[in-house]
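# Observations on the model geometry
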Amino acid sequence: QVQLVESGGGLVQAGGSLRLSCVASGRIFSNYAIGWFRQAPGKEREFVAGINWNGGSIYYADSVKGRFTISRDNAKNWVYLQMNSLKPEDTAVYYCAQEKWGTGVAAPGGSWGYWGQGTQVTVSS
């Protein structure tokens, strides 16, 4: 049974930084792409960043490029999202996601099939 547990959300002022973390369990972590999505109130969930099994392929949403960095630690089953220069429009619930089928695709259209419970990020102006 795959489990993803996020942590690190909180309240931060615009221009500040946060680091989100997600620990995975239930299957061999290094075999699968993993990523982050977010959902703001009244909006659909959107892709933020994805990373393949060894970090050799990384994707970012245009809205976060240059500000957010995704990384993973396969030895400890963790994935991280370092968020810098935060803006009020980054306010959302952030979800860790893992691909379901092991295709290794970390892009927005990957087979994202497992989700964490989410962690709230609030950026005040």
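Above this text sits the structure in question.
Presented here is a report on the structure given in the accompanying data block. As the structure is a computational prediction, the values presented were derived from the model and not from experiment.

### Brief notes about the overall build of the protein
In terms of helices and strands, the protein carries zero helices and eleven strands. Reading the protein from its N end, one meets helices and strands in the order β-β-β-β-β-β-β-β-β-β-β. In summary, the protein has a C-alpha radius of gyration of 13 Å against a globular reference of 14 Å for 125 residues, a match within 12%. C-alpha atoms of the protein, sized along the principal axes, occupy 40 × 30 × 25 Å. Within the protein, contacts between residues at least 6 apart in sequence are counted, and of these 60% link residues at least 24 apart. A total accessible area of about 6,200 Å² is found for the protein, and carbon and sulfur atoms account for 48% of it. Of the side chains in the protein, 11 bear a positive and 8 a negative charge, and the two mean positions are spaced by 4 Å.

### With respect to the packing of aromatic side chains
Working definition: an aromatic ring pair is given by the centre-to-centre distance plus the angle between the planes. This structure, assessed with the given rule, holds five aromatic pairs. An angle of 45 degrees between the planes, with centres 6.5 Å apart, marks the rings of F47 and W112 as tilted. Here F47, found in strand β5 (residues 46-51), pairs with W112, found in strand β10 (residues 112-115); they are 65 residues apart in sequence, far enough to count as distant. The same class applies to F47 and to W112, which are both buried. With a centroid separation of 6.1 Å and 5 degrees between ring planes, the pair formed by W78 and Y80 is classed as stacked. Here the basic side chain of R27 rests over the ring of Y32, its NZ or CZ set 3.5 Å away from the ring centre. When the ring centre of Y95 is taken as origin, the NZ or CZ atom of R45, which lies over that ring, is 5.6 Å away.

### Here we look at the sheet that holds strand β7 (residues 68-73)
As summarised here, the arrangement of the four strands in space is β1-β3-β8-β7, forming an open sheet in which the pairing is antiparallel. Sheet topology places β1 (3-7) and β7 at the edges, where each strand pairs with a single neighbour. Taken over all neighbouring pairs, the strand axes of this sheet differ in orientation by 15 degrees on average, direction set aside. In this structure, strand β3 (residues 18-25) lies alongside strand β8 (residues 78-83), joined through six bridges in antiparallel fashion. Bridged to S21 within β8 is Y80.

### Comments concerning the nonpolar core
Generally speaking, soluble globular proteins have nonpolar side chains that are buried together. Counting residues in hydrophobic clusters, the biggest one holds 27 residues, and the most contacted among them are W36, V48, F68, V79, L81, M83 and Y94. For this core, the secondary-structure elements that each account for two or more residues are β3, β4 (34-39), β5, β7, β8, β9 (92-99) and β11 (119-124). By residue number, the principal contributor to this core is β3, which donates four residues. Sequence-distant contacts of M83, that is, excluding residues within four places in its chain, are made with G16, S17, L18, L20, R67, F68, Y94 and V121. With six residues, the next largest nonpolar core counts F37, A97, A106 and W112 among its residues.

Quick notes on the rules
Residues numbered from 1 in each chain as written. Predicted model: local features only at pLDDT ≥ 70, side-chain atom pairs only at ≥ 80, totals over all residues. Heavy atoms only, no water. Helix = DSSP H or I, 4+ residues; strand = E, 2+ residues; numbered from the N terminus. Rg over C-alpha atoms; globule rule 2.2 N^0.38 Å. Contact = heavy atoms within 4.5 Å. Areas by Shrake-Rupley, 256 points an atom, 1.4 Å probe, with all protein chains shown as cover. Lys, Arg positive; Asp, Glu negative; His and termini not counted. Charge placed at Lys NZ, Arg CZ, Asp CG, Glu CD. Phe/Tyr/Trp six-rings, centres within 6.5 Å; stacked < 30°, edge-to-face > 60°. Buried < 20%, exposed > 50% of the residue type's maximum accessible area, 1.4 Å probe, protein only. Lys NZ or Arg CZ within 6 Å of the ring centre and 35° of its normal. Pairing = 2+ DSSP bridges. Axes fitted to C-alpha atoms, helices over the stretch in contact; angles between N-to-C directions. Core = buried A, V, L, I, M, F, W, Y, C linked by side-chain atoms within 4.5 Å.

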